[in-house]
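Below are the chains, spelled out letter by letter.
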Amino acid sequence: MSILNILRYPDPRLHKVAKPVTVFDDRLKQLIADMAETMYAAPGVGLAASQIDVHEQLVVIDISETNDQLQVFINPEIIWASEEKKVYDEGCLSVPGIYDGVERPAEVKVKALDAQGQSFELQADGLLAVCIQHEMDHLKGKVFVEYLSPLKRNRIKTKMLKEEREEQRHRNKR
């Protein structure tokens with residue numbers, strides 16, 4: 001297993017739309033293992049393949065405090081969403097250190113495939129519902145900051161670009 005590089009906002013590759021997974025092989029199993037290791041090391045509770053520049057419909061999520069309940073969603077689709085909405089403070093491994101409120105359906109029902117290609121359905125609320133919707137947005141090329149006002153989005157973009165420049169300068173000094 002290895003820790004993968006996570007793309008940072010405003011990297012344009014974060015806006016690529018992911019393609020469905022069609023082959024369930026050892027490469028996919030390795031990708032899932034590497035994504036899980038990357039997510040846990042970050043640390044985070046969800047990671048979409050789009051965030052590591054693999055534009056396939058694959059998401060890993062683990063909202064447990066013990067990091068031992070990994071859930072894999074391949075080619076996920078929301079088949080039902082509650083009319084009730086809730087605002088949750090969201091963060092993102094592609095937008096480190098930034099958290100802001102995003103309104104989403106409070107509950108969702110998702111249909112997806114597991115790592116073996118078996119179909120399943122799952123109804124979720126709370127943090128799991130938020131994570132599923134957030135990670136599925138990545139597969140559509142959308143980052144959570146796009147739900148925020150243009151002013152907030154521009155401030156975040158400026159901050160991320162400044163941090164990137166500072167990190168590059170620091171790497172060049174070594």
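Structure's up top.
As a starting point, this report considers the structure included with it.

Cut-offs applied
- Residues numbered from 1 in each chain as written.
- Predicted model: local features only at pLDDT ≥ 70, side-chain atom pairs only at ≥ 80, totals over all residues.
- Heavy atoms only, no water.
- Pairing = 2+ DSSP bridges.
- Helix = DSSP H or I, 4+ residues; strand = E, 2+ residues; numbered from the N terminus.
- Core = buried A, V, L, I, M, F, W, Y, C linked by side-chain atoms within 4.5 Å.
- Buried < 20%, exposed > 50% of the residue type's maximum accessible area, 1.4 Å probe, protein only.
- Contact = heavy atoms within 4.5 Å.
- Axes fitted to C-alpha atoms, helices over the stretch in contact; angles between N-to-C directions.

Relative to strand 3 (residues 71-81), strand 2 (residues 58-61) runs antiparallel, the two being bridged by 4 bridges. When the bridges of strand 3 are listed, Ile61 appears paired with Gln71. Inspection of the sheet shows strand 3 paired to strand 6 (residues 107-113) by 5 bridges, in the antiparallel sense. When the sheet's bridge partners are listed, Ile78 is paired in strand 6 with Val110.

This part is about the nonpolar core. Ile32, Met35, Leu47, Ile52, Leu58, Val60 and Ile74 are the most contacted members of the largest nonpolar core, which totals 18 residues. Among the elements of the structure, helix 1 (26-41), strand 2 and strand 3 are those that each provide at least two residues to this core. Looking at this core, the element that brings in the most residues is helix 1, giving 5 residues. Ignoring sequence-local partners within four residues, the contact set of Leu47 consists of Ile6, Met35, Thr38, Met39, Ile52, Leu58, Val59, Val60, Leu93 and Glu135. Counting residues in each nonpolar core, the second largest holds 15 residues, with Ile61, Val108, Val110 and Ala112 among its members.

On to the environment of Val108. Inspection of the secondary structure assignment puts Val108 in strand 6. Under the relative-accessibility criterion, Val108 is labelled buried at 1%. For the pair formed by Val108 and Leu128, sequence separation is 20 residues and the distance between their alpha carbons is 9.3 Å. If sequence neighbours within four positions are ignored, Val108 has contacts with Ile78, Trp80, Ala81, Leu122, Gln123, Ala124, Ala129 and Gln133.

Taken together, 5 strands build an open sheet; the order of strands is 1-2-3-6-7 and the sheet is antiparallel. The sheet is open, and its two edges are formed by strand 1 (46-48) and strand 7 (119-125), each paired on a single side. Strand-to-strand twist across the sheet, computed as the mean angle between neighbouring axes with direction ignored, equals 40°. Examined bridge by bridge, strand 1 and strand 2 share 3 bridges and lie antiparallel to one another. When the sheet's bridge partners are listed, Ala48 is paired in strand 2 with Val59. Lying on the sheet, helix 2 (residues 126-139) is in contact with strand 1, strand 2, strand 3, strand 6 and strand 7; it crosses strand 7 at an angle near 120°.

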